[in-house]
Amino acid sequence: MRHTARTPRTSRKKRSSLANRAIAASAALILGGGGLVAVNVYASAGEGPSGSPPTRTQSVGRQMSTIDCPDAGNELPDVPEQARPEVDRELAAMDTQITDAYQQFADRKEQISQDPGLAENAVLGPLRNKRTASLDRIGIAIERVGQRPAGIEGLAGCSLRADDSAPGNPGDTGDGGNGGGNGGQDDGQGQDQGQNQGQGDDQGQGDNQGQGDDQGQGDDQGNGQDPGQDQGQGGNGPEASDFADIQSVQPNVDRPRQRRGSSRGTFTTDCGRNENGKFNPDNVIVAPGVSNGAHHMHDYIGNQANDAFASDDDLANGATTCRNQGDRSTYYWPVLRLQNGQDEADVNADGGGKDQNTGEIQTPSQVTLKFVGSPVGKVTAMPRFLRIITGDAKAFTNGDANANASWSCTGFENRQLKDKYPICPEGSQVVRTFAFQNCWDGQNTDSANHRTHVAFAQPDGRCPNGFRAVPQLVQRIVYDVPPGPGFAVDSFPEQLHKPITDHGDFINVFDKQLMKKVVRCINDGRRCR
């Protein structure tokens, strides 16, 4: 599905390193009536993908919710340039293998709950074999031009895991809305994310647009929610427990102190709200040349040439929805849908219904794209075609090391949630905010895992050693949706539409003259458009 035109709608209703990973051949066993089930077959021998022990022993009645696989892309930060096209294709193929296996699991969920051995025979074993073959091809591709990664075979095994917040599963309910961790985004340098989010002039409703280390503390989850909504998208999420009343969340946004010499200006670019309805399930950054590489639908504003096959030249020459034609950048993110039983044209298409993404796509009521400065010094120009991904589309299974989701409501934006969708009061609208990485390594426009060439500033506002401050994109997306549960972002099927998987993508295609203006405005403390 390359491009779907539609009438816009707004509704008012750290894991361990690769070297430490190995395959642990743990058989799935039932230990008598009322006993225990070891379900994590052939899981990593080190820390699990979601930060849990490698073999989770569950009660027999515990409902397994999804498939949990090591993210091979995150574990391959140093792929030689010549090998990247082949490696990217194999990584995309591994994503498809997981989505196919998830469907096999979903179709047999009740049988597997009665016979855990079926999971190994019908789902995990075949998946492991396919992943082993793909990982071997990745190793061969890298070995042709460099050194084969040690222990790569240890990433083949996957497991079944429970959603602890799902109805009927005892235990943790998602950390009470506190973001499931420290809210930091660790790209290998231990940076805290979102340091400058909300810096500059007003962001619409309220002046505190950002994330601190404590991402929401709502202890009142699912207030007034219909239990019938617990299974969301036909059993694929979200759950009622994935929502929290924003009024139960304590203010938790901190900004770094502005120091003398800081760059306090802003530059705002107006690129619309995707009123023309450009969508596709590709991701040219992560899976170039692969149709449906995202397995979920994206909203696109700015550059209109963006699909899986777009080259830098295509983007440079593409039309743009941005008012300033010097900005041909591409800005994209997963669509948000109402779970109201109304299907879109993509109900039988890749990225849509075929990938468990259903419901009525919502056009944002407002999109703000603002570039802000550094609290400790001046910024330098971004290189053209710099690629930045913020957040992690697989954070539900990967853990929150790279998560950067931030959910709130207008009028309450000094309260941010990371692992919960907000329940907004009447008259308030849902807000998604992304503060992108604001430090660049000075050399690369991309990296093998699409993360290590950029970083977040450290808690004191300074960039890590070897990085320089660049204008930080702060992206704010507002939706006029009915209060309460009933909406979700698109996701990979196995990620269950969890709010923590929210993410944004950006490719800088400012022309040289306009980027100079951006830098001057920010460094001079002016507010420019």
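If you're wondering where the values come from, they're calculated on a predicted model, not measured in any experiment.

Engineer: Residue-level account of the overall build of the chain, with values.
Structural biologist: Looking only at helices and strands, one finds 6 helices and 25 strands in the chain. Here the chain holds 529 residues, and the buried ones make up 61% of them. Accessible surface for the chain amounts to roughly 19,100 Å². Of this, 45% is attributable to carbon and sulfur atoms.

Engineer: Explain the pairing of strand β10 (residues 298-302) to me, and be specific about the residues and the numbers.
Structural biologist: With respect to burial, β10 is a largely interior element, 5 of its 5 residues being buried. Note that β10 and strand β11 (residues 330-334) share 5 bridges and pair antiparallel. Paired with G302 across the bridge in β11 is T330.

Engineer: Residue-level account of the sheet that holds β11, with values.
Structural biologist: Judged by pairing direction, the sheet is antiparallel, and its 5 strands sit side by side in the order β9-β10-β11-β24-β15 without closing on themselves. In this open sheet, the two strands that pair with only one neighbour each are β9 (279-280) and β15 (387-391). As paired elements, β9 and β10 share 2 bridges and run antiparallel to each other. When the bridges of β10 are listed, F279 appears paired with D299.

Engineer: If you had to explain the sheet that holds strand β23 (residues 487-489) to someone new, which residues and values would you point to?
Structural biologist: Ordered in space as β13-β12-β23, the 3 strands form an open sheet in which the pairing is antiparallel. In this open sheet, the two strands that pair with only one neighbour each are β13 (360-361) and β23.

Engineer: Kindly report on the packing of helix α1 (residues 84-107) against helix α3 (residues 117-145), identifying the contributing residues and their values.
Structural biologist: To characterise two packed helices, one gives the angle between the axes of the helices and the distance between these axes. Contact geometry of α1 with α3 gives a least axis separation of 10 Å together with a crossing angle of 175°. As the angle between them shows, α1 and α3 are arranged roughly antiparallel. Contact with α1, carried on its side by E86, V87, E90, L91, M94, Q97, I98, A101, Q104 and F105, involves V123, L127, K130, R131, S134, L135, R137, I138, A141, I142 and R144 of α3 and no other residues of that element.

Engineer: I'd like a description of a positive patch on the surface, backed by residues and values.
Structural biologist: Judged by side-chain charge, K512, K516, K517 and R520 come together as a positively charged surface patch. Topologically, R520 is positioned in helix α6 (residues 512-523).

Engineer: An account of the pairing of β15 is needed here, citing residue identities and associated values.
Structural biologist: Regular strands show a simple pattern: their side chains alternate between the two faces of the sheet. Across the 5 residues that make up β15, a large majority, 5, are buried. Bridge analysis of β15 against strand β24 (residues 503-507) gives 5 bridges, and the strand direction is antiparallel. If you follow R387 over to β24, its bridge partner there is I507.

Engineer: Can you break down the pattern of salt bridges residue by residue, with the values?
Structural biologist: All told, the structure shown has 21 salt bridges when counted by the stated rule. The residue R387 makes a salt bridge to D312 at a minimum N-O spacing of 2.9 Å. Of this pair, R387 sits in strand β15 while D312 sits in helix α4 (residues 312-317); the two residues are 75 residues apart in sequence, bridging distant segments of the chain. The salt bridge involving D400 is made with K418; its shortest N-O contact spans 3.7 Å. Pair noted here: D400 is in the loop between α5 (395-398) and β16 (407-409) and K418 is in the loop between β16 and β17 (421-423), with a separation of 18 residues, a long-range link. Accessibility assignment for this pair places D400 and K418 in one class, buried. Bridged by salt links that share partners, the residues D136, E143, R148 and E153 form one connected network.

Engineer: I'd like a description of α3, backed by residues and values.
Structural biologist: When the terminal C-alpha atoms of α3 are compared, their 41 Å separation across 29 residues agrees well with the 42 Å that a helix rising 1.5 Å per residue should span. Along α3, the largest kink reaches about 40° and is centred on L124; proline P126 follows within four residues of it.

Engineer: Residues and numbers for the packing of aromatic side chains, please.
Structural biologist: This structure, assessed with the given rule, holds 11 aromatic pairs. Ring geometry for W407 and Y421: centres 4.9 Å apart, planes at 75°, overall edge-to-face. Residue W407 is located in strand β16, and its partner Y421 is located in strand β17; the two are separated by 14 residues in the primary sequence. Looking at Y421, the relative accessible area reads 0%, which means it is buried. Through a chain of ring-to-ring contacts, the aromatic side chains of F267, Y331, F371, F436, F506 and F510 assemble into a single cluster. In this structure, R161 is placed above the aromatic ring of F396, and the distance from its NZ or CZ to the ring centre is 4.4 Å.

Criteria and cut-off values
- Residues numbered from 1 in each chain as written.
- Predicted model: local features only at pLDDT ≥ 70, side-chain atom pairs only at ≥ 80, totals over all residues.
- Heavy atoms only, no water.
- Helix = DSSP H or I, 4+ residues; strand = E, 2+ residues; numbered from the N terminus.
- Buried < 20%, exposed > 50% of the residue type's maximum accessible area, 1.4 Å probe, protein only.
- Areas by Shrake-Rupley, 256 points an atom, 1.4 Å probe, with all protein chains shown as cover.
- Pairing = 2+ DSSP bridges.
- Axes fitted to C-alpha atoms, helices over the stretch in contact; angles between N-to-C directions.
- Parallel < 35°, antiparallel > 145°, perpendicular 65-115°, else oblique.
- Contact = heavy atoms within 4.5 Å.
- Patch = residues over 30% accessible without salt bridge, like charges linked within 9 Å, V, L, I, M, F, W, Y side chains within 5 Å.
- Salt bridge = Lys/Arg side-chain N within 4 Å of Asp/Glu carboxyl O.
- Lys, Arg positive; Asp, Glu negative; His and termini not counted.
- Charge placed at Lys NZ, Arg CZ, Asp CG, Glu CD.
- Expected span 1.5 Å × (residues − 1).
- Bend = angle between axes of the 7 residues up to and from the residue.
- Phe/Tyr/Trp six-rings, centres within 6.5 Å; stacked < 30°, edge-to-face > 60°.
- Lys NZ or Arg CZ within 6 Å of the ring centre and 35° of its normal.

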